Amino acid sequence: MQEFSIIAEDSCLIAQQAEAEKIFACCDIHGVTSLELLFDTKKNQNKLLWVNRTDGEIAAMLPVFIGDENLTYLVYSSAQKVDEFCVCRAKRGDDYTYHLLCPDEQGRFAVRNIIIIANQKLIEAICVSMGIVPEKITFRRAYRIQDQSFVCNSWDVYGHQNFDGSFVKATFPVFSGEGELLDEVGVNNIYTREVKLGGIIKNEKDFYCLSKDEECKLYLSPDVFDCRNSEAENERETEPADKKSVKCKSFTLINTKNPQTRKNPRSPQRMH
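Fair warning: this is a prediction, and the values are worked out from it, not measured in the lab. Residue positions are given per chain, counted from 1 along the sequence in the order it is written. Totals for whole chains, interfaces and linings use all residues, but because this is a predicted model, local features are given only for residues with pLDDT of at least 70 and pairs of side-chain atoms are given and counted only at 80 or more. With hydrogens and water excluded, all non-hydrogen atoms of the structure serve as input to the side-chain values.

What about helix α2 (residues 120–130)?
- The buried label applies to any residue whose accessible area, calculated with a 1.4 Å probe on protein chains only, is under 20% of its type's maximum; exposed applies above 50%, and partly exposed to all values in between. Starting at the N terminus, helices and strands are each numbered in turn, a helix being any DSSP run of H or I of at least four residues and a strand any DSSP run of E of at least two. Gln120, Leu122, Ile123, Ile126 and Cys127 are the residues of α2 that are buried. Along the axis of α2, the buried residues cluster in a sector spanning 155°; they form a single face.
- Polar contacts, as counted here, are pairs of nitrogen or oxygen atoms within 3.5 Å of one another; within protein the pair requires one atom able to donate a hydrogen and one able to accept it, and residues that are adjacent in sequence qualify only if both atoms are side-chain atoms. With a side-chain oxygen positioned 3.2 Å from the backbone nitrogen of Lys121, the residue opening α2 is Asn119.
- Two residues or fewer after α2 comes Gly131, characterised by a positive phi angle close to 75°. Arc definition: it is the arc formed by the directions from the helix axis to the C-beta atoms.

Some words on the confidence of the model for the protein chain
- Put simply, the protein chain has an average pLDDT of 82, and 81% of its residues get 70 or more.
- Across the protein chain, element-level confidence peaks in helix α1 (residues 17–26) with a mean pLDDT of 96 and bottoms out in strand β6 (residues 86–92) with 81.
- Low confidence marks residues 228–249, where pLDDT is under 50. Its contacts with residues over four positions away, or in another chain, come to 47 contacts.
- For every residue, the predictor assigns a confidence score, pLDDT, that lies between 0 and 100. The contact criterion used is simple: two residues touch if any of their non-hydrogen atoms lie within 4.5 Å. Residue range residues 258–272 is modelled with pLDDT below 50. Its contacts to residues more than four positions away, or to other chains, number 37 contacts.

Focus: the side chain of Asp68
- Among the secondary structure elements, Asp68 is positioned in the loop between β4 (57–63) and β5 (76–81).
- You can call Asp68 buried: its relative accessible area is 10%.
- Those residues within four positions of Asp68 in sequence are excluded, and the remaining contacts are Leu13, Lys47 and Pro63.

What to know about the pattern of salt bridges
- A side-chain nitrogen of Lys or Arg and a carboxyl oxygen of Asp or Glu constitute a salt bridge if their distance falls within 4 Å. A complete count under the given rule lists 9 salt bridges for this structure.
- Across the pair Arg53 and Glu36 runs a salt bridge whose closest N-O atoms are separated by 2.9 Å. A residue pair is termed long-range when its members are at least 10 positions apart, and Arg53 in strand β3 (residues 45–54) and Glu36 in strand β2 (residues 32–40) qualify at 17 residues.
- Note that Glu124 is salt-bridged to Lys217, the shortest N-O span being 2.9 Å. Placement of Glu124 in helix α2 and of Lys217 in the loop between β14 (206–212) and β15 (218–221) is noted, with a sequence separation of 93 residues between them.
- Here the residues in one salt-bridge network are Arg140, Asp156, Lys169 and Glu194, joined through shared partners.

Here it is as structure tokens:
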């Protein structure tokens, strides 16, 4: 999965567990660090945080996402440790962003941005984070109705919302950067054609083949020479993904009991 994603430096204050551990150690906090989802009772929403625990009790916390750097006091009703690969949805302004929470070989987690939605399993994980129960997932090409020019490759999901059962049709552009183009054109101004198994798609200089795994779930394979019944179709090259990072590293450790904060924005707020 790492080949289809990058470290989320553009949206995170602290994207990697190793970095959080170093900060805790510099603040003389030497418990066990983990990535946890805490429910903020004041804002009635989940917060993803780096948590340091001593004897099972929270000693201190650090923010993950930009926008939480001024969060110095948190009242929470539940805490859930992230212990396996999953997708996290975060609100940024009026929009939502989707991130992979990925463990490495040592079990340390990192928050990563999705560059390519490379398989059906990832789409299903994104749907879970949105409260969507998918019933049908197809891989398609989208074109402008006006001039039949290519817009993007997409995963189309048909299903229902798990909280009220309402019907849902959602379109997810495959490659980073294509979402803005799809928004610009508008979903009402496109038509789509399903890509058949073995179909070849292109992004920049890379080619992928639509394949199925042993669970009969779709995925994009970079090994196009092993694909059969390939369909040849001209595609325009997409613009490269924007990998500019926002350097914003000012934060405080987050207190869950005492709202008093220190003047130094990098000083720890311990749990007493």
